[in-house]
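Spelled out, the chains give:
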Amino acid sequence: MTIKRRKITVVGAGFTGATTALMLAQKELGDVVLLDIPQLENPTKGKALDMFEASPVQGFDSKIIGTSNYEEAAGSDIVIITAGIARKPGMSRDDLVNTNAGIVKSVCENIVRYCPDSIVIILSNPVDAMTYAAFQSLGFPKNRVIGQSGVLDTARYCAFIAEELNVSVEDVRGFVLGGHGDDMVPLVRYSSVGGIPIETLIPAERIESIVQRTRVGGGEIVNLLGNGSAYYAPAASLVQMTEAILKDKKRIIPVIAYLEGEYGYDDLFLGVPALLGGDGIEKIFELELTAEEKAALDKSAESVRHVTKVVNV
Ligand SMILES: NC(=O)C1=CN([C@@H]2O[C@H](COP(=O)(O)OP(=O)(O)OC[C@H]3O[C@@H](n4cnc5c(N)ncnc54)[C@H](O)[C@@H]3O)[C@@H](O)[C@H]2O)C=CC1
Ligand SMILES: O=C([O-])CC(=O)C(=O)O
């Protein structure tokens, strides 16, 4: 038996793509192919070479190449799609739907051709609808088409809780359900610090303000940056998902998954807790929700269905 190095392709070498490529290499999760459009081939090669030249200093053993040629991506175990435009202040993620749907579909045609056995993780926004578009274009089984939102939204939520209580982020647990929009559903009842329910530690009005800040967490960064959106925490989130798959860790984390009746929704990609391992999404967990939580999730699902209709033609 020959043991081969893993190969991960990141499509889109902009802020999130380049940051993701570096973090993947630093963790030695595999060799990395960073791919962008032909007009940006030289800058893409330059970014990849610059990262590779950091490897002797930091001591990581991953090759990183930059390209616009999908032949270089052939045989990738994982393909991460970050290609597309990002929003600017005053825009919603849904405003990106038409432009990014075209980009994601064209990227997927190449994935089908060059990486037919890969697991695909989608980041491009509006990500729930883009994951649906990718699923349609790829024709891959649902376990191999996964969107990223819940890891990031949960990270923001947990960071704000840790900040509120002045405790280590390592001890905060929680998660966020639903679409990657302003009506996402942070689940307060399932949130704890060192095993202690947050409702016993933080006053209700402060919890509500953390929930609200989480919902607009992406917009907070967009407004601060002025000309683009978040990329460090999004990249870290993609890396956590990639690691869970490549190491078959069987982690339970919120991801955007294809629902066929779960939570009462059908033919919809939405953020739900799932078991992530070597086969991609290996299981979806259906939590018992209160009437209030279910109503909030219904509202979020309805927003996602609305924008998904644009791509589902
Ligand atoms: N789901 C999530 O949680 C998050 C989603 N995003 C989304 O990710 C996307 C990328 O964000 P950034 O990296 O900040 O944007 P960016 O503008 O820095 O980079 C996007 C890159 O995609 C490339 N690209 C465009 N069309 C392409 C194609 N057909 N093939 C290959 N590459 C192509 C562009 O040339 C550019 O380099 C945006 O849609 C953004 O909204 C960003 C952060 C979090
Ligand atoms: O806000 C944006 O447009 C980018 C994104 O999805 C996030 O940072 O959550």
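What counts and how
Residues numbered from 1 in each chain as written. Chains lettered and ligands numbered in written order. Predicted model: local features only at pLDDT ≥ 70, side-chain atom pairs only at ≥ 80, totals over all residues. Heavy atoms only, no water. Helix = DSSP H or I, 4+ residues; strand = E, 2+ residues; numbered from the N terminus. Rg over C-alpha atoms; globule rule 2.2 N^0.38 Å. Buried < 20%, exposed > 50% of the residue type's maximum accessible area, 1.4 Å probe, protein only. Contact = heavy atoms within 4.5 Å. Axes fitted to C-alpha atoms, helices over the stretch in contact; angles between N-to-C directions. Left-handed = near helix turned anticlockwise from the far one by under 90°. Nonpolar A, V, L, I, M, F, W, Y, C, P; charged D, E, K, R; others polar. Pairing = 2+ DSSP bridges. Right-handed = clockwise from strand over helix to strand, strands pointing away. Phe/Tyr/Trp six-rings, centres within 6.5 Å; stacked < 30°, edge-to-face > 60°. UniProt positions renumbered as here; feature names shortened; annotations may be inferred. Salt bridge = Lys/Arg side-chain N within 4 Å of Asp/Glu carboxyl O. pLDDT = per-residue confidence, 0-100.

Caption draft 1: Region of the structure containing the overall build of the protein chain. Within the protein chain, the secondary structure is distributed over nine helices and 14 strands. Radius of gyration (C-alpha) of the protein chain: 19 Å, near the 20 Å computed for a compact globule of 313 residues. Each principal axis of the C-alpha atoms in the protein chain carries an extent, and together these give about 50 × 45 × 45 Å. Per-residue burial for the protein chain yields a buried fraction of 52% across its 313 residues. A separation of at least 24 residues holds for 70% of the contacts in the protein chain among residues at least 6 apart in sequence.

Caption draft 2: How the structure looks around the packing of helix 3 (residues 97–114) against helix 4 (residues 127–138). The geometry of helix 3 relative to helix 4 is characterised by a closest axis approach of 9 Å and an angle of 35 degrees between their N-to-C directions. Between helix 3 and helix 4 lies a crossing whose hand is right-handed. Residues V97, N100, A101, V104, K105, C108, I111 and V112 of helix 3 lie in contact with helix 4, whose contacting residues are M130, A133, A134, S137 and L138. Looking at the contact of helix 3 with helix 4 residue by residue, the classes come out as ten nonpolar, two polar and one charged.

Caption draft 3: Spatial organisation of the pairing of strand 3 (residues 64–67). Strand direction decides the pairing type here: strand 2 (residues 31–35) and strand 3, joined by four bridges, are parallel. If you follow L35 over to strand 3, its bridge partner there is T67. Handedness of the crossover joining strand 2 and strand 3 through helix 2 (residues 41–58) is recorded here as right-handed.

Caption draft 4: Looking closely at the packing of aromatic side chains. Per the stated rule, a full pass over the model turns up eight aromatic pairs. The interplanar angle of 90 degrees and the centroid separation of 6.1 Å between the aromatic rings of Y132 and F269 together place this pair among those described as edge-to-face. Here the residue Y132 occupies a position in helix 4, and F269 occupies one in strand 13 (residues 266–277), the gap between them amounting to 137 residues. In textbook terms, an aromatic cluster arises when at least three aromatic residues are bridged by ring pairs, as seen for Y132, F135, Y258 and F269.

Caption draft 5: A look at the UniProt feature "domain: Lactate/malate dehydrogenase C-terminal" (unreviewed entry) in the protein chain. Look at the UniProt record and you will see "domain: Lactate/malate dehydrogenase C-terminal" (unreviewed entry) annotated at residues 152–306. The distance separating the terminal C-alpha atoms of residues 152–306 is 23 Å; by composition the span is 43% helix and 24% strand.

Caption draft 6: Inspection of the pairing of strand 5 (residues 119–122) at higher detail. What you see with strand 5 is no split at all: I119 and I121 on one side and V120 and I122 on the other are buried throughout. Of the crossover connections in this fold, the one passing from strand 4 (residues 78–81) over helix 3 to the parallel strand 5 is right-handed. Bridge count between strand 5 and strand 6 (residues 145–147): three bridges; the pairing is parallel. Bridging across to strand 6, V120 finds its partner in V145.

Caption draft 7: Up close: the pattern of salt bridges. One pass over the structure, following the stated rule, counts twelve salt bridges. Residue K247 pairs with E243 through a salt bridge whose shortest N-O separation is 2.7 Å. Look at E243 and you get buried, because its relative accessible area is 13%. Across the pair D298 and K294 runs a salt bridge, and its minimum N-O distance is 2.6 Å. Taken together, the positions of D298 and K294, both in helix 9 (residues 291–311) and four residues apart, correspond to about one turn of that helix. Through salt bridges with shared partners, a single network forms among K27, E243 and K247.

Caption draft 8: Spotlight on the confidence of the model for the protein chain. Within the protein chain, residue pLDDT values average 97, and 100% of them lie at 70 or more. Reported confidences for the modelled complex are a pTM of 0.98 and an ipTM of 0.99.

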